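# Topology and contacts: notes
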Amino acid sequence: IVFYIAYYHWRHRGMLDPVPFGLMVIFGTIMSTYTSAWDLTMDWSVLQTNAPYPFLRKDILYTHWIPVSYTHQVSNVCIRFIWIIYTPRQGLSTPLRTFIGGSLELLRRVQWNFFRLENEHIGNTDQYRVTREVPLPYSFDEDGESIAGDDEDARPSVKLARVETRMDVKSDEA
């Protein structure tokens, strides 16, 4: 909040006052460093020193994409510091800077979601909250009839029938 207040005062005072600019740089650096560290350590669970790949996590789903993981770590930190593009007084127009910053932030959020979901999936499988297949209490033979298990309360078998659709009727007429 302090960063945005300082940025507002600096922009609306003609970008000449050094005090709001200094506060903006200090609090922007603190904000970007903290959020980058949080992304990497808490949300993505990377930067583990005892992992097989340095600065990644122990379990990795996409082992063929190790260099991409490092690239995304660096780009996430760089894009967290995107507020720096608003500091020059000359150069690109403010709407163009905003478009570039918004596009890069969109890219960062896509990266964040990808690695956050990977981290959540690994955490869920480690704690046995996710399984690859759910066993059914019955099975089917080749005829489509249900084969009841050894349960005492087994339901009677049901013959599965194919349901005709409009497409089936039209193809028979042609």
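Preceding this paragraph is the structure being described.
Let me sum up the structure you'll find in this document. These figures come from a predicted structure and were not determined experimentally.

### Thoughts on the overall build of the protein
The helix and strand inventory of the protein stands at five helices and two strands. In sequence order, the secondary structure elements of the protein are arranged as α-α-α-α-β-β-α. Considering only contacts within the protein whose residues lie at least 6 apart along the sequence, 50% involve residues at least 24 apart. Carbon and sulfur atoms make up 62% of the accessible area of the protein, which amounts to about 13,300 Å² in all.

### Re helix 2 (residues 18–43)
In this model, helix 2 (26 residues) spans 35 Å end to end at C-alpha, consistent with the 38 Å of a helix rising 1.5 Å per residue. Among all positions of helix 2, only Pro20, Met24, Gly28, Ser32, Ser36, Asp39, Leu40 and Asp43 are buried. Each element contacted by the buried residues of helix 2 is listed here: helix 1 (2–12), helix 3 (66–80) and helix 4 (94–126). Of the residues flanking the end of helix 2, it is serine 45, one or two places downstream, whose phi is positive at about 55°.

What counts, and at which threshold
Residues numbered from 1 in each chain as written. Predicted model: local features only at pLDDT ≥ 70, side-chain atom pairs only at ≥ 80, totals over all residues. Heavy atoms only, no water. Helix = DSSP H or I, 4+ residues; strand = E, 2+ residues; numbered from the N terminus. Contact = heavy atoms within 4.5 Å. Areas by Shrake-Rupley, 256 points an atom, 1.4 Å probe, with all protein chains shown as cover. Expected span 1.5 Å × (residues − 1). Buried < 20%, exposed > 50% of the residue type's maximum accessible area, 1.4 Å probe, protein only.

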